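Residues per chain, in single letters:
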Amino acid sequence: MPRPHPPSPESLSPVLLLAALAALLLTGCPDEGAVCTSGLSVCGEACVDLDGDVANCGACGNACGDGQTCQAGVCGCRPGTESCGGACVATSSDVANCGACGNACAAGLVCESGVCREGCSEGSLRCGDSCVDVRADVLNCGACGNVCPDVQTCHEGRCGYDVVAACYTNGQLVGIQAGTDQLGPRRQFGSGVQALASWDGYVLAADATASKLLQAAAGALGSVVEEDSLGGVAGSPNDILVDPPYVYVVDSVNNTLQVLKREGPSQGAGLGLRTVTQVNLGANTSPQAIAKWGTTLYIPLFGTGGSMFQYGNAVARVDISNPEQPRKVDTISLTGLDLKPFDGGTVLPLPYSIASTEAGVYVALTNLNPYDGYRPNGPGMLAKINPADGSVSAIDLGAEDCLNAGYVEAVGEQLVVACLGEADYDEANGHSASAVRASGLVLVKDDVPVAAYALTSGCAPGTPGCHLSVASRFAVAQGAVYLADTNAGRVFVVAVEEGRLVERRGFSSPQAEGPALEACPVDPRRSVSNAIDVTALH
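In this text the structure is predicted, and so the values were computed from the model without any measurement.

What counts, and at which threshold
- Residues numbered from 1 in each chain as written.
- Predicted model: local features only at pLDDT ≥ 70, side-chain atom pairs only at ≥ 80, totals over all residues.
- Heavy atoms only, no water.
- Disulfide = S-S within 2.5 Å.
- Helix = DSSP H or I, 4+ residues; strand = E, 2+ residues; numbered from the N terminus.
- Pairing = 2+ DSSP bridges.
- Axes fitted to C-alpha atoms, helices over the stretch in contact; angles between N-to-C directions.

Some points on the state of the cysteines
Such a bond, covalent and formed between the sulfur atoms of two cysteines, is termed a disulfide. Summed over all chains, the structure comprises 15 disulfides. Here C43 is linked by a disulfide to C60, with a sulfur-sulfur distance of 2.0 Å. Sign of the S-S torsion, about -85° for the bond between C43 and C60, identifies this disulfide as left-handed. Of the two residues, C43 sits in strand β1 (residues 41-43) while C60 sits in the loop between β2 (46-48) and β3 (68-71), which places them 17 residues apart along the sequence.

Take a look at the structure:
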């Protein structure tokens, strides 16, 4: 479900609501010329990001110089370079500024790793009088002189972002450089991207409105290079699992598991995917996510209010020993767990996310009462499944730190859980969050919660212009969690250490390196900006 607070069984389908929202936000009047979504401005006939576009930095036509990036509308030297005499140079390889500005190497020498040498070491390529690794050098990526744009990184000789966030409300993708946490320019993309994944230099984006799996090169987020059908009926493609040479997509409205296979250029200009089969997991099951253990897929089934959730609250197991002929084997019920209801009343596990590790398969349980506005009525929990015998045990994440556990992922030998929290939504103000509690992250080691991170917004609820943050999905890059915010469109950055969660970009700690990233700006005309998913480039 795109919003962390699901609608009641009697309300409209969230997919229909999202489709209507996308149509409203992404359609302009024909006689208005270019109509840009929040965060973008009209320059000529194009929508550009004046905060991050090096060709239009701060104002249309204001181009940054060589080696510069645009951050918050200001040109500056890109990470890894510094200003020497007004030019941005890489002192690690610049022969005229080797190791420091003005430190010129003698004639005939080269510069490598900030040191003047007689020649390049093994594994380095000589580009002019510089010795570089073309697999990782952003100024010579893949070949001498091939400079990666803005804040892109050189991945094995190809330029691309380290992390990409999808802005559902704004119809955009935005790239992020891991480590420096700098934003690239926002690019319009798709009409309702709901889930992201990455593979071999491409971003895969499941578009719920168009019912297509879109692809963009990781270094050119505004251009669709390939699209593959997700079925004739628009649904809710909630999760994408890449398991080369296959891609799996679950749809929580059409109750399906779709299998695509990479077949190369004959099938498209991107990965070249072709649908090989689709499996119906059963009416009213509402599959939410996918994890793989051995040759089995584990798929949490949320269920539907119309069927009183009798086909949900379980995990389906699908045999993929032959991925082109997947077979649903059985379902593992989660209803026998002690969910620790607060008042002894109704609470359902309503599983939402899943991850696999060597220790077992872990399922995030929202623990909601669907008959009381889907409010949490128990602590956020994980269910641990033993794949050997199908047995299930529960892990209590603690109600003070975690309500509505909505996403889980392994980070090394630890687990990180995103807790969506308990939020009050103001329907008169565009269904924006007016109060939030127990939303953030919990770190789990050896099946025990060991640390927590509370999401805060840097402003007091009710203050004019204050947009509260609500945790959602996240991606992991270079040992840090990039946590999406479904209410204010931010991305928080939290480093994962042994037994600790350390805020790097956010509002909770005075030691943070800066505020949360404004990845998906809130449109002044609307009250919600949904950063719906994040993926790390692999």
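Text resumes after the structure shown.
A look at the sheet that holds strand β18 (residues 202-207)
Taken in spatial order, the four strands line up as β17-β18-β19-β20 in an open sheet, and their pairing is antiparallel. Strands at the two margins of the open sheet, each flanked by one partner only, are β17 (193-199) and β20 (226-229). Strand-to-strand twist across the sheet, computed as the mean angle between neighbouring axes with direction ignored, equals 20°. Bridge count between β18 and strand β19 (residues 212-217): six bridges; the pairing is antiparallel. In the strand pairing of β19, L204 is matched with Q215.

Observations regarding the pairing of β3
Relative to strand β4 (residues 74-77), β3 is paired through four bridges, and the arrangement is antiparallel. Paired with C70 across the two strands is C75, which belongs to β4. Between the end of β3 and the start of β4, which pair antiparallel, lie two residues, with A72 showing a positive phi angle near 55°.

Considerations on the sheet that holds strand β30 (residues 360-365)
Reading across from one edge, β29-β30-β33-β34 is the order of the four strands in this open sheet, with antiparallel pairing throughout. The open sheet has two edge strands with one neighbour each: β29 (351-357) and β34 (392-396). Neighbour-to-neighbour, the strand axes of the sheet open up by a mean angle of 25°, direction not taken into account. One ladder, built from five bridges, connects strand β33 (residues 381-385) with β34; its direction is antiparallel. Paired with M381 across the two strands is D396, which belongs to β34.

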